[in-house]
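# A closer look at the structure
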Amino acid sequence: MSGFLLGFCFTLALSLCLLHSKRKLVVRIKPELRDVQEAKSGTPTVGGIAFTVSTTVVSLLLHLSPVGLLAMWLFAAVGLLDDLEKTRTRNGDGLKSTTKLFAQFLAAFLTVLMLGMNNLVETNFSYSAFSVFFLVYMVNAVNISDGMDGLATLMALPALCMVAAVDRNPFLLAFIGSLLGFLILNMKPAKYFMGDTGSHAIGAVLALAALVHHREGPVLVATIPFFVEFLSSFVQIVAIRLFGRKVFAIAPLHHDLQKHGLGERTTVAIFFLASLSATLAAVWLMGRGGFA
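These notes cover the structure that comes with them. (Residues numbered from 1 in each chain as written. Predicted model: local features only at pLDDT ≥ 70, side-chain atom pairs only at ≥ 80, totals over all residues. Heavy atoms only, no water.)

### Overview of unusual backbone geometry
Following Lys188, the chain continues to Pro189 via a peptide bond in cis, the omega torsion being -5°. Structurally, Pro189 is set in the loop between α8 (170-186) and α9 (195-212). Here the bond from Ala251 into Pro252 is cis, since omega is 5°, no more than 30 degrees from zero. In this fold, Pro252 is placed in the loop between α11 (224-243) and α12 (253-259). Despite not being glycine, Asn119 has its phi angle at roughly 55°, a positive value. Topologically, Asn119 is positioned in the loop between α5 (97-117) and α6 (125-145). Non-glycine residue His214 carries a positive phi angle of around 55°. Turning to its location among the elements, His214 is positioned in the loop between α9 and α10 (216-222). Classification of His214 as partly exposed rests on a relative accessible area of 47%. (Helix = DSSP H or I, 4+ residues; strand = E, 2+ residues; numbered from the N terminus. Buried < 20%, exposed > 50% of the residue type's maximum accessible area, 1.4 Å probe, protein only.)

Following this line, the structure appears as structure tokens:
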């Protein structure tokens, strides 16, 4: 529990320092979202930096396994590059999609290689390939879901807590504590955003926990709401590129609901309850021996 408490306290302290800093990283609101999110313009995007740095400090202080730390930062670095690029464009666009995807696959490959060298996962080709795609999928699913105050964090916490509770992973506890410290300042109205730095870190840690503890099945069930968000964006892209028309007013799904008049707090609550329900279903299935 010391890692959890330290992560929580360090994130709050670092967050306040970053928010009072004269130089802040600010990402512009995308044009298609300005009608519903214009009030958020100018909000700093330093939350992801706060909880990843705090998790790092706690891990080093408590001599926690460096593998989780390195994997988290491989992906957080990709997200940070994307955030920095977004500050340079007028429409809030970051890295080119192909560049970003290549960087994610490279980070995933290096992560799986590191896990194999430390005998933490199977090293046969099929499982290694699955692990790489699993990491990239989870990172993008969380990234896509990060579009409202508190949304991505509240969707990820049930699954993270499930693995931490079942497998008693001290690194996960430190990470969860850091996330909760971030969440206090990210709930509506958010004082800051996590940015791609944070969403990439969350997705990487969630996928890594599943791989290391052989909880891929339970985590996939627990994160079904993330899959729904991912699928809505995928369907939208395919529909536009192949048929020249949209399925949703805007993707992913949480923004479509917002465009149709559903309040932000209500939308976040729905996705959180869906994530909590999916996680409880995963726990029930584990108890029934539903995962080999």
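### Quick look at the nonpolar core
One finds Phe51, Leu160, Phe175, Leu179, Ile202 and Val219 to be the most contacted residues of the largest nonpolar core, which totals 68 residues. Among the elements that line this core, the one with the most residues is helix α7 (residues 151-167), at eleven residues. Other than its neighbours up to four places away in sequence, Leu179 contacts Phe51, Thr153, Leu157, Leu160 and Ile202. (Core = buried A, V, L, I, M, F, W, Y, C linked by side-chain atoms within 4.5 Å. Contact = heavy atoms within 4.5 Å.)

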